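What follows is the residue order along each chain.
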Amino acid sequence: MEDKRWMWILVTAIAPIAWGSGYVVTHSLLPADSPLWGGVLRALPAGLIVLLLARRLPRGSWWWRSLVLGTLNVGGFFVLVYVAGQRLPSSLAATLMSASAACMLLFAWLLLRRRPRLAAVVGATVGLVGVGVMLGFDAEGADPWGVAASLGAMVASSIGFVLTVRWGSDVPALPMTAWQLVAGSIVLLPAAVLVEGAPPMLTVPSALGFAYLTLVATALAYVAWFAGLRRLSPGVVGVVGLLNPVTGVVLGVAVAGEAFGVPQAVGVGLVLVGIVVGAAPARRRADRPVRQRWSASGSLDATSGT
């Protein structure tokens, strides 16, 4: 069972790694003045592709739930991430998003009544310290609108992901992904037309950038993330999300030529330690069987089977 648990942790890790790489792609390849159309061109094709694979439409309350979650996790999130990716260095944008680990623990406690495990809190804390070390605890000179956009994206998506757990325990990852991506695109499309007019003309580099964001950093990443949310606790998933800033820093150095020194190396090491600690399985009392659904979650909130 532990082998399957770590397998799902690795599957979930695909998402923050892909999202972390999206900052470099956005900053380097995409047009800087079309954040709304950028969100539409990223989300709508990915949603339609996944919907074709899922072959399942929403029913009942899932029509409005999809709109709410699509706005939080896709529509608003993509626009804010696009703005952050254009206004901030890749490493800084990804670093600010790392606070989602703590946010998901907090919102899971408030919305799901799941008290954070000590290991998850320690792991998130160590990871956030590592992120601070990578950043140098100094954001002087950072664009304030970029910082606000990055933090807004982090809060919106953290709430949306926790609500996905609360509402979507019986919905597989493929339809969950498709509904949210399409709904988020529907929210974005009229705003893009009214505010930005016609969609931007794509060059070969920008078309390749959107293709990568659509297929890898959106379709694949969201399916992996929602699959993890179905099988792991929000605290564990949030800590795994710390791979986002690690990816942003590494690719910022490798592709964009951003600075990397001892603080960045130490910070990356601390983040990785935090992920291992936060994802460690919980010890369970042998005299209390737990429901199969949470047998791989690593959460103390698993309920007894009686």
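These figures come from a predicted structure and were not determined experimentally.

S.K.: Looking at this structure, I do not really get the pattern of salt bridges. What am I missing?
M.R.: Oppositely charged side chains are able to pair whenever their charged atoms sit close together. Taken as a whole, this structure holds one salt bridge when the rule is applied. Close ionic contact of R87 with D143 constitutes a salt bridge, the shortest N to O distance being 3.0 Å. On the criterion of sequence distance, the pair formed by R87 in helix α3 (residues 62-87) and D143 in the loop between α6 (118-135) and α7 (144-167) is long-range, its members being 56 residues apart. Judged by relative accessible area, which is 43%, R87 ranks as partly exposed.

S.K.: In this structure, what is going on with the packing of α7 against helix α9 (residues 204-231)? I would like to understand it.
M.R.: In helix packing, the relevant descriptors are the interaxial angle and the interaxial distance, both defined with respect to the helix axes. At a closest axis distance of 10 Å, the pairing of α7 and α9 adopts a crossing angle of 55 degrees. Between α7 and α9, the interaxial angle falls into the category oblique. Remark: the crossing between α7 and α9 carries right-handed chirality. Across the interface between the two elements, F161, T164 and V165 from α7 touch Y222, W225, F226 and L229 from α9. Residues of the contact of α7 with α9, tallied by class, amount to six nonpolar, one polar and no charged.

S.K.: Honestly, helix α2 (residues 35-54) in this entry has me stumped. Any pointers?
M.R.: For an α-helix, 3.6 residues make a turn, and residues three or four places apart therefore share a direction. Over its 20 residues, α2 runs 28 Å from end to end, which matches the ideal 28 Å to within 8%, given 1.5 Å per residue. Along α2, the residues that are buried comprise P35, L36, W37, G38, G39, V40, R42, A43, A46, G47, V50 and A54. Downstream of α2 by a residue or two, R55 has a phi angle that is positive, lying close to 55 degrees.

S.K.: When you look at the packing of aromatic side chains in this model, what are you seeing that I'm missing?
M.R.: Between two aromatic rings, the relevant description is the distance of the centres plus the angle of the planes. Taken as a whole, this structure holds 10 aromatic pairs when the rule is applied. When the centroid spacing of 5.3 Å and the interplanar angle of 65 degrees are considered together, the rings of W19 and Y222 count as edge-to-face. Taken together, the positions of W19 in helix α1 (residues 2-29) and Y222 in helix α9 put the pair 203 residues apart, joining distant regions of the chain. Both rings, one in F77 and one in F78, keep their centres 6.0 Å apart while their planes meet at 50 degrees; by these two values the pair is tilted. Judged by its relative accessible area of 2%, F78 is buried. In this arrangement the basic side chain of R42 is found over the ring face of F78, its NZ or CZ atom lying 4.2 Å from the centre.

S.K.: Looking at this structure, I do not really get the nonpolar core. What am I missing?
M.R.: If you look at soluble globular proteins, the nonpolar side chains tend to sit buried side by side. One finds F161, Y222, W225, F226 and L229 to be the most contacted residues of the largest nonpolar core, which totals 67 residues. With 10 residues, α9 is the single largest residue contributor to this core. Those residues in contact with W225, other than ones at most four positions away along the chain, are T12, A15, P16, W19, M104, F161, V237 and G241.

S.K.: Sorry, what's going on with the side chain of S206 here?
M.R.: Within the secondary structure, S206 is located in helix α9. Using a relative accessible area of 3% as the deciding quantity, one classes S206 as buried.

S.K.: Is there a simple way to think about unusual backbone geometry in this case?
M.R.: Glycine aside, residues mostly have negative phi, and peptide bonds are mostly found in the trans state. A positive phi angle, near 55 degrees, is found at R55, a position not held by glycine. Locating R55 in the fold gives a position in the loop between α2 and α3. Unlike most non-glycine residues, R113 shows phi in positive territory, near 60 degrees. As for its position among the elements, R113 is in the loop between α5 (100-112) and α6. Judged by relative accessible area, R113 falls into the exposed class, the value being 71%.

S.K.: Whenever I open this one, the packing of helix α11 (residues 243-254) against helix α12 (residues 262-278) confuses me. Can you help?
M.R.: As a packed pair, α11 and α12 sit with axes 10 Å apart at the nearest point and diverge in direction by 155 degrees. Taken as axis vectors, α11 and α12 run roughly antiparallel relative to one another. You can see that α11 and α12 cross each other, and the crossing is left-handed. Taken together, the residues of α12 that come into contact with α11 (itself represented by L243, V246 and V249) are Q264, V268, V271, L272 and I275.

S.K.: Would you take a moment to explain the environment of W64 for this structure?
M.R.: Mapped onto the fold, W64 is located in helix α3. Residue W64 is classed as partly exposed on the basis of its relative accessible area, which comes to 47%. Once the C-alpha coordinates of W64 and A183 are considered, the two residues, 119 residues apart in sequence, prove to be 9.2 Å apart.

S.K.: Explain the environment of G152 here, please?
M.R.: Structurally, G152 can be placed in helix α7. Separated by 68 residues in sequence, G152 and A84 have C-alpha atoms that sit 9.8 Å apart.

S.K.: Would you mind showing me how to read the confidence of the model for the protein here?
M.R.: Note that predicted coordinates carrying low pLDDT should not be read in detail. Across the protein, the average pLDDT comes to 82, with 86% of residues at 70 or higher. Note on residues 286-306: pLDDT is under 50 here. Beyond four places in sequence and across chains, it has 44 contacts.

Reading guide: rules and limits
- Residues numbered from 1 in each chain as written.
- Predicted model: local features only at pLDDT ≥ 70, side-chain atom pairs only at ≥ 80, totals over all residues.
- Heavy atoms only, no water.
- Salt bridge = Lys/Arg side-chain N within 4 Å of Asp/Glu carboxyl O.
- Helix = DSSP H or I, 4+ residues; strand = E, 2+ residues; numbered from the N terminus.
- Buried < 20%, exposed > 50% of the residue type's maximum accessible area, 1.4 Å probe, protein only.
- Axes fitted to C-alpha atoms, helices over the stretch in contact; angles between N-to-C directions.
- Parallel < 35°, antiparallel > 145°, perpendicular 65-115°, else oblique.
- Left-handed = near helix turned anticlockwise from the far one by under 90°.
- Contact = heavy atoms within 4.5 Å.
- Nonpolar A, V, L, I, M, F, W, Y, C, P; charged D, E, K, R; others polar.
- Expected span 1.5 Å × (residues − 1).
- Phe/Tyr/Trp six-rings, centres within 6.5 Å; stacked < 30°, edge-to-face > 60°.
- Lys NZ or Arg CZ within 6 Å of the ring centre and 35° of its normal.
- Core = buried A, V, L, I, M, F, W, Y, C linked by side-chain atoms within 4.5 Å.
- pLDDT = per-residue confidence, 0-100.

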